[in-house]
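What the coordinates show
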Amino acid sequence: MNGKGEIKVRKNVWAICTALVISLVYGTIVGEAEVKKPTHYIGLHDRLLDFKDVQVIDNDMKIPLSEITKVLYIPVEKEEGITYLRKRGTVISYDASTKLTSKDGVELSWTPIVDVNGTLYISAKYIAKVTGFKVEYIQKLKTLRIYRDDYEHMSHAAYEKHVKQLLDKKQPAKPPVKPEKPGAKSGTTIYLTFDDGPNKFTTINNATLKKYNVHGTFFFLGKHMKKNEDIVKTVAGDGNYIGTHSMTHDKDKVYKSTKSFIDEMTEGTKLINKMTGIDAKLLRVPYGSKPHVTPAMKKELNQYNYKMWDWDVDSNDWKYTDKEADKIVKNVRDGVDKANKSGDRNIIVLLHDRSQTAKALPEIIEWLQKEGYTIKTYEPEHHIIQNFLSDTTL
C-alpha cells in the first residue's frame, strides 16, 4: 500500500472512532433523558394519558396547553398576542403582555395559564372543569383523572387499580421491602398545626420548634397579622408554613354568604403574600369545615385553587389552664397513637397559639421524637387530603 493509501485508511479509521465516541456520548445522554419518568399523571375516562411533561406549579398540576387542548378537542386561536380557548360557550384567554388569564372577558385573580420558558402551561383541573368535566385526584398515585358522567367509564376504585397496574409496569423492579408492623411509628408523619395567631405565644411556640429542630404549620388570623407583621415574617423565615384562618374568626361574618366566606380567605392569603412573598394556598376554616362549608363555598375554594385542612387529632388545648398543660399532652399522645394504630400515616394535630399550649409543646415534641414519629411542616408539593367533607379536590 502506498503512502497516500495509508493516510486515507488512517483518516477513515479516525473518522469511524470519532463517530463511535460521539455516538456513545450522545446515546448516553439520550438514554438518560429517556429513562426520566414523569412524577405526576393525567387520566381521561379510563385511559392514562401519555403526557411526559406534567409540572406541579403552585401545588397545581399543569400541562402544556398545546397538548391538553388536543386531547379535550378544544380549539386554540392566537390574535395579537392573546391566546383564545373556546369550548361549550366558554372563552378562556391568555394575554402574553400582562401574563393574565381571563374567563369570558373577566380577569381571574389567579393564574391557571403560565408561561414557562416560552411554553404555555395550563391547569389540568381548571381546563377540565370549565369545559364540563369532573376531576378525581388519586393522591397515592399522583394521578388526576378527568371524566364525564355522561360518558361510560369504570368506577374510581377500578380505575385506581387499573392505573396502579400501568404504573407498576413503567417502574423498574424494586427489591422486596420488609412489611411494616401494624402501628409502626417510623413511617408516620406528624403535622403540628397552630391556630389563631400571630401573638406573643406564637413567638414562644416558634422558638420551641427551633429548639427541637422541627417545623410546624401556622394558620393565622388576618386581624392579628396586621398588628404583628414581624412575627409573621419570623415564623415564615424559620421554615414554617403559614396559611390563612380567615380575617375575623367571627362565625356569623365568615359564613354569612359564599362571598363573605371567600373574601375572608382571600384577604388573609393576600396579607400572607404581602408580608412573606409566599402565595399560600392552604387554609383552615374557623370551627372546622363541617357543617359550615357549603357546596357553593367549596366551588369557590376550587376556583381559587385553595386547599383546606381540618385535623385528625384535637388537643382541646383551649379547654385547659396553664396548670393543666399535662392534659393537653395526654390528649395529643392518646390521639396520635389511636390514629397511627388505625393506619393513618399522616396525622394532623390541632393546637393553638395560647399560653397553656406553649407550656405543653416541649413535652409533646419530646414524646413524638422519642416514639420515632417524624414531624414536618406542610409541603404544597406533597399535599395531604384531610378535611371533614372528604373532598379529594381540597
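Residues numbered from 1 in each chain as written. Predicted model: local features only at pLDDT ≥ 70, side-chain atom pairs only at ≥ 80, totals over all residues. Heavy atoms only, no water.

A sheet is described by the order of its strands in space; here four strands give the open sequence E2-E1-E13-E12, paired in mixed fashion. Bordering the open sheet on either side are strand E2 (47–48) and strand E12 (134–138), each of which pairs with just one other strand. Inspection of the sheet shows strand E1 (residues 41–44) paired to E2 by two bridges, in the antiparallel sense. In the sheet register, Leu44 faces E2, and the bridge partner there is Arg47. (Pairing = 2+ DSSP bridges. Helix = DSSP H or I, 4+ residues; strand = E, 2+ residues; numbered from the N terminus.)

Glancing now at the nonpolar core. By size, the foremost hydrophobic cluster in this structure holds 48 residues, and its most contacted members are Leu192, Val336, Val349, Ile364 and Leu368. If you list the elements that add at least two residues to this core, you get strand E14 (189–197), strand E15 (217–220), helix H7 (229–237), strand E16 (241–244), helix H9 (258–276), helix H11 (325–341), strand E20 (346–352) and helix H12 (355–371). Of all hydrophobic cores here, the second largest spans 29 residues; its members include Leu49, Leu65, Trp110 and Leu120. (Core = buried A, V, L, I, M, F, W, Y, C linked by side-chain atoms within 4.5 Å. Buried < 20%, exposed > 50% of the residue type's maximum accessible area, 1.4 Å probe, protein only.)

Pairing is antiparallel in the open sheet, where five strands are placed in the order E5-E6-E7-E8-E9. Edge strands, defined here as strands with exactly one partner in the open sheet, are strand E5 (76–79) and strand E9 (106–107). Bridge count for E5 against strand E6 (residues 82–87) is four bridges, and the pairing is antiparallel. When the sheet's bridge partners are listed, Glu77 is paired in E6 with Tyr84.

This brings us to the confidence of the model for the chain. Counting all residues, the mean pLDDT for the chain is 87, and 87% of those residues have values of 70 or more. Across the chain, the element-wise mean pLDDT spans from 49 in helix H1 (residues 3–35) up to 98 in E15. In the model, residues 21–35 has pLDDT below 50 throughout and makes one contact with residues more than four positions away in sequence or in other chains. (pLDDT = per-residue confidence, 0-100. Contact = heavy atoms within 4.5 Å.)

For the pair helix H5 (residues 200–211) and H7, interaxial distance at closest approach is 10 Å and the crossing angle is 15 degrees. Classified by the interaxial angle, the pair formed by H5 and H7 is roughly parallel. In this structure, H5 crosses over H7, and the sense of that crossing is left-handed. Residues Thr202, Thr203 and Asn206 of H5 pack against Ile231, Thr234 and Val235 of H7. (Axes fitted to C-alpha atoms, helices over the stretch in contact; angles between N-to-C directions. Parallel < 35°, antiparallel > 145°, perpendicular 65-115°, else oblique. Left-handed = near helix turned anticlockwise from the far one by under 90°.)

What follows deals with the environment of Asn302. Assignment of secondary structure puts Asn302 in helix H10 (residues 295–303). A relative accessible area of 14% means that Asn302 is categorised as buried. Sequence separation between Asn302 and Lys125 is 177 residues, and the spatial gap between their C-alpha atoms is 9.2 Å. When near neighbours in sequence (up to four residues on either side) are disregarded, Asn302 contacts Lys125, Lys129, Thr393 and Leu394. Within polar-contact distance, the side chain of Asn302 engages the side chain of Thr393 at 3.1 Å. (Polar contact = N/O pair within 3.5 Å; in protein donor to acceptor, adjacent residues only side chain to side chain.)

So, on to the environment of Asp46. Considering the arrangement of structural elements, one finds Asp46 in the loop between E1 and E2. C-alpha of Asp46 to C-alpha of His153: the two residues are 107 residues apart in sequence and 6.0 Å apart in space. Beyond its immediate sequence surroundings of up to four residues, Asp46 is in contact with Arg145, Glu152, His153, Met154, Tyr159 and His162. Here the side chain of Asp46 touches Met154 through a polar contact of 2.9 Å, landing on its backbone nitrogen.

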